[in-house]
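# Per-entry structural report
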Amino acid sequence: MLAYTYTAPGQFALLEKPKPTLREPTDALVRVTLASICTSDLHIKHGSVPRAVPGITVGHEMVGVVEAVGRDVQTLRPGDRVAVNVETFCGDCFFCRHGWVNNCTHPDGGWALGCRIDGGQAEYVRVPLAEQGLTPIPEGVSDGQALFVGDILATGYWAAEISEIGPEDTVLILGAGPTGLCTLQCVLLHHPRQVIVCESDPQRLAFVQRHHPRVLAVPPEQLHACVAAHSAHGGADVVLEVAGSPDTFRMAWECARPNAIVTVVALYDAPQILPLPEMYGKNLTFKTGGVDGCRCGEILAHIAAGRLDTTPLLTHTYPLEKIEEAYRLFESHRDGVMKVAITCTGAP
């Protein structure tokens, strides 16, 4: 089968590999119908993910059809359409029982697919701990609608939930890339009084304005004035930092009111500094970490009910055979690209 592979630091290649097989009784084999490219894949390529193992098939955003299941898998059967979770988790360890599945202590726990074990930019993928890592897609929900459920939508859903958003809050989101836009939709599920999105890319600002006209969308140079004009207590009540640069990290705590929650969603390429003398007295609460992606069923229910729709993010589609071209487009931000869908195998 074809599989896009991390061959060496700085290098990916489309290779012919054997079709994966079941190894454990809790495994499932999934025929990948649709996949996507995540910024985290680029982090692997550029050496920012030390845990990534050369030789693995990359990719952790995917949906597909169950081809086979291990003998201990009771809730899934061949033919089921499923969303694949970015994380694998056992459901039984201390962290899983508290909903902190990113820290699952199983050897394959946490972000494994496309990082430490073979992922889904391929025709087939083996999913360990399948009953936790696969979520059936409801009837009437398309592959495109479900594509981001297991990763960037799960990230936005988790980030909005831990940010403790209330109906009187002004919420600031820094970054309107794909993860920022998924976060925005999930924040809106909590019905805050006002949402502000800050983004430096004019095309992404226009995207926010077109799809979310009640949201205030501003460039960085207008941010402080906008927050001051639309916040009742000297800053945003909740800030979600989804952009991942030193400038946006600073904006996050500067634009927060005293005693606000600052949720850091972004993955940084370098350490960030908390300038505590400048922050003294703001009494901020910072929340950060890898997504606990265990609410995929809830997210799919929101999609089925029409409350979430990320299909406008799918701006380009390529077959697996042309995935290198898709990566070049995605990494260069050309042609208004938001997210790229990769068709890996045909419909059943």
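### Looking at the environment of L216
- Note that L216 resides in strand β12 (residues 216-218).
- Residue L216 is classed as partly exposed on the basis of its relative accessible area of 25%.
- Through-space distance from the C-alpha of L216 to that of C226 is 8.4 Å; in sequence the pair is 10 residues apart.

### With respect to the pattern of salt bridges
- Tallied over the entire structure, the rule returns 13 salt bridges.
- Between K339 and E61 there is a salt bridge, with its nearest N and O atoms 2.7 Å apart. Taken together, the residues span a long stretch of sequence, with K339 in strand β17 (residues 339-343) and E61 in strand β4 (residues 61-69) at a distance of 278 residues. By the burial criterion, K339 is buried, and E61 matches it.

### Describing helix α7 (residues 202-211)
- Buried within α7 we find R204, L205, F207 and V208. Buried residues of α7 fall within an arc of 155° about the axis and therefore sit on the same side. Along α7, the residues that are exposed and aim more than 90 degrees away from the buried face are P202 and R210.
- Where α7 is buried, its residues contact α6 (178-188), β11 (194-198) and β12.
- At the N-terminal end of α7, a side-chain oxygen is found 2.8 Å from the backbone nitrogen of Q203, two or three residues along, and the residue is D201.

### Brief notes about the side chain of N85
- Structurally, the position occupied by N85 is in the loop between β5 (81-84) and β6 (87-88).
- N85 gets classed as buried once you look at its relative accessible area, which sits at 2%.
- A polar side-chain atom of N85 sits 2.8 Å from the main-chain amide nitrogen of E87.
- Apart from residues no more than four positions distant in its own chain, N85 is found in contact with L113, G133, G150, G293, C294 and C296.

### Focus: the environment of T5
- With respect to the secondary-structure elements, T5 resides in strand β1 (residues 2-8).
- Exposure remark for T5: the relative accessible area of 2% places this residue in the buried category.
- With 176 residues separating them in the primary sequence, T5 and L181 have C-alpha atoms 28 Å apart.
- Excluding residues within four positions of it along the chain, T5 makes contact with Q11, F12, A13, L15, K17, G55, I56 and T57.
- Engagement of the side chain of T5 in a polar contact is seen with the side chain of K17, the distance being 3.2 Å.

### Some points on the pairing of strand β16 (residues 314-319)
- Bridge analysis of β16 against β17 gives five bridges, and the strand direction is parallel. Among the inter-strand pairings, H316 is bridged to a residue of β17, identified as V340.
- With helix α12 (residues 323-332) bridging β16 and its parallel neighbour β17, the resulting β-α-β unit is right-handed.

Rules and cut-offs
- Residues numbered from 1 in each chain as written.
- Predicted model: local features only at pLDDT ≥ 70, side-chain atom pairs only at ≥ 80, totals over all residues.
- Heavy atoms only, no water.
- Helix = DSSP H or I, 4+ residues; strand = E, 2+ residues; numbered from the N terminus.
- Buried < 20%, exposed > 50% of the residue type's maximum accessible area, 1.4 Å probe, protein only.
- Salt bridge = Lys/Arg side-chain N within 4 Å of Asp/Glu carboxyl O.
- Arc of directions from axis to C-beta.
- Contact = heavy atoms within 4.5 Å.
- Polar contact = N/O pair within 3.5 Å; in protein donor to acceptor, adjacent residues only side chain to side chain.
- Pairing = 2+ DSSP bridges.
- Right-handed = clockwise from strand over helix to strand, strands pointing away.

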